Amino acid sequence: GETEVLIRAEDEAGNKSEPTEVTVNIDRENPILGEPDIILPTDDNGQEKENAKGGDEVTIKIPIDDDSEVVVNEDKITVTIGGEEVTVDDIEIVRDTETNKPTIIITIPVPSDKEGEIVVEVENGAVTDEAGNPSDGKIVDTGLIVDNTKIKVKYLGEFINGKFMGGVIRKPSIGANV
């Protein structure tokens, strides 16, 4: 907010200027973390996947409502999959080209040994502005599930003329339903 102050200069010889009224803009606003944008992994056809699996990459963008320069403390951002902490490739701050507001970008490589929901916790003070004002914390519940379960198919037999024939098929019949 704006504050009015009186300034008077004095040199080493003791000469003083007349008091001058000056308006100073003091930043008292904390950076506010906005609603995240979750960029889901895509399949070979470029379609977004409903779930992620090992080898995929998930990107989360969190806009910050603050007009000044901000700094992110990466130690105060935690990513978990199924409640277990995972390593994050990259956390950076960029300026949004449309709004010119800072945005946190978190790139998460999905490991093949974890399963469960991806959750990002941004602690209080993870983001500070030039005046040292800290952000509040935020928990980003992505709704994205990591599923590394391998599907196993076991052949049990076939139906021939409405009757189930179990065992190993040497030569399936033309009209068989498996």
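Every value quoted in this text rests on a predicted model; they were computed, and no experiment measured them. (Residues numbered from 1 in each chain as written. Predicted model: local features only at pLDDT ≥ 70, side-chain atom pairs only at ≥ 80, totals over all residues. Heavy atoms only, no water.)

(A) Region of the structure containing the sheet that holds strand β12 (residues 116-122). Strand order in the open sheet formed by five strands is β5-β14-β12-β8-β9, with mixed pairing between adjacent strands. Every other strand in the sheet has two partners, leaving β5 (51-52) and β9 (84-85) as the edge strands with one partner each. Strand direction decides the pairing type here: strand β8 (residues 77-81) and β9, joined by two bridges, are antiparallel. Within the sheet, the bridge partner assigned to T80 lies in β9 and is E85. (Pairing = 2+ DSSP bridges. Helix = DSSP H or I, 4+ residues; strand = E, 2+ residues; numbered from the N terminus.)

(B) Here's a closer look at unusual backbone geometry. Although it is not a glycine, N100 sits at a positive phi angle of roughly 60°. Among the secondary structure elements, N100 is positioned in the loop between β10 (90-95) and β11 (102-109).

(C) Structural view of the nonpolar core. Membership of the largest hydrophobic core comes to 25 residues, with the highest contact counts inside it found for I62, I77, I104, I106, I108, I118 and V120. Looking at this core, the elements with two or more residues in it are β6 (57-65), β7 (70-72), β8, β11, β12 and β14 (138-146). Per-element accounting of this core gives the leading share, four residues, to β6. Not counting residues up to four positions away in its chain, the partners in contact with I77 are V72, I91, I104, I106, V120, E121, V122 and A126. (Core = buried A, V, L, I, M, F, W, Y, C linked by side-chain atoms within 4.5 Å. Buried < 20%, exposed > 50% of the residue type's maximum accessible area, 1.4 Å probe, protein only. Contact = heavy atoms within 4.5 Å.)

(D) Structural view of the environment of I38. Of note, I38 is situated in strand β4 (residues 37-39). Relative accessible area serves as the criterion here: at 22%, I38 is assigned to the partly exposed category. C-alpha of I38 to C-alpha of V140: the two residues are 102 residues apart in sequence and 9.5 Å apart in space. Contacts of I38, omitting those with residues within four sequence positions, involve V58, T59, I60 and T142.

Keep in mind that these numbers describe shape and distance, not what the molecule does.
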